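# What the coordinates show
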Amino acid sequence: MKKRVTLTFPQRTIQMPVTYRLAKDFNVASNIIRAQVAPNQVGKLVVELQGDIDEIDAAVEWMRSQHIQVSLASREIVIDEETCVDCGLCTGVCPTTALTLEPETFKLQFERSRCVVCEQCISTCPVQAIATTF
Ligand code: SF4
Ligand code: SF4
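Residues numbered from 1 in each chain as written. Chains lettered and ligands numbered in written order. Predicted model: local features only at pLDDT ≥ 70, side-chain atom pairs only at ≥ 80, totals over all residues. Heavy atoms only, no water.

## A closer look at the packing of aromatic side chains
Put simply, the rule is: In summary, the pairing rule links any two rings of Phe, Tyr or Trp, Trp by its six-membered ring, whose centres are within 6.5 Å, and it sorts them by plane angle into stacked for under 30 degrees, edge-to-face for over 60 and tilted for everything else. Only runs of H or I of at least four residues qualify as helices and only runs of E of at least two qualify as strands under DSSP, and these elements are numbered from the N terminus. When a residue's accessible area, from a 1.4 Å probe over protein chains only, is under 20% of the maximum for its type it is buried; when over 50% it is exposed; and in between it is partly exposed.
In this structure the tally under the stated criterion is 1 aromatic pair. Ring centres of Phe26 and Trp62 lie 5.8 Å apart, and the angle between their planes is 40 degrees; on these two criteria the pair is classed as tilted. Of this pair, Phe26 sits in helix α1 (residues 18–26) while Trp62 is found in helix α2 (residues 53–65), placing the two residues 36 residues apart along the sequence. Trp62 shares its class with Phe26; the two are buried.

So, in structure tokens, the structure goes:
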């Protein structure tokens, strides 16, 4: 089976070769969908795990024992373009520059591949144009 998860690494585990350990110790293959390290050195990986259900569960349990936060569903940021007024406030708090204002049109640009779903932008938006998928 396949399971998509979001992994959040505290600073001290950021160098850990997690995907190698998952393959070697749990027979779980991991396909990295997205990887980001925010400037404060919290790392996020969106990974698709593939293997036997019991092996995946054991792998998730092991990661949690290593203080890696495992979210079983990967959240995404959603921006309602109809509501957004391109004020740019959210661009000021985004640690990965996933949110920027396009220099010529002053329209908000969202580069999803850079987003680590830290959610800092959500509370910044004055018109509640930003949300997560759940
Ligand atoms: S959740 Fe918002 S502030 Fe955080 S990285 Fe994504 S776009 Fe930037
Ligand atoms: S803070 Fe809200 S309204 Fe302003 S640019 Fe960002 S999403 Fe759009």
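This is not the end of the story, as more comes after the structure.
## Points about the domain arrangement of the protein
Worth spelling out the cut-off: As used throughout, domain bounds are those supplied by an automatic or database domain assignment. The contact definition used throughout considers only heavy atoms, calling two residues in contact when any of these lie within 4.5 Å. What counts as buried area is the accessible surface, traced by a 1.4 Å probe, that two parts surrender upon association, with contributions from both included. Under the rule applied, a polar contact is a pair of N or O atoms within 3.5 Å (in protein, one hydrogen donor and one hydrogen acceptor; residues adjacent in sequence only if both atoms are side-chain atoms). Residue classes follow a fixed rule: Ala, Val, Leu, Ile, Met, Phe, Trp, Tyr, Cys and Pro count as nonpolar, while Asp, Glu, Lys and Arg count as charged, and any other residue, Gly among them, counts as polar.
Split by domain assignment, the protein resolves into domain 1 (2–72) and domain 2 (76–133). Centre-to-centre separation of domain 1 and domain 2, based on C-alpha positions: 27 Å. In this complex, domain 1 contributes 5 residues to the contact, which on the side of domain 2 involves 9 residues. Summed over both partners, the interface of domain 1 with domain 2 comes to about 630 Å²; 49% of that surface belongs to carbon and sulfur atoms. Linking domain 1 to domain 2 there are 0 residue pairs in polar contact (both at pLDDT 80 or more). Considered class by class, the residues forming the side of domain 1 that touches domain 2 number 1 nonpolar, 1 polar and 3 charged.

## Quick look at α1
Formally: Working definition: the arc comes from the directions between the helix axis and the C-beta atoms, pointing outward to the latter.
Among all positions in α1, only Val18, Leu22 and Phe26 are buried. Along α1, the residues classed as buried sweep out an arc of 45 degrees about the axis, all on the same side. Where α1 is buried, its residues meet β1 (2–9), β2 (29–37), β3 (43–50) and α2. Looking at the residues trailing α1, positive phi occurs at Asn27, about 60 degrees.

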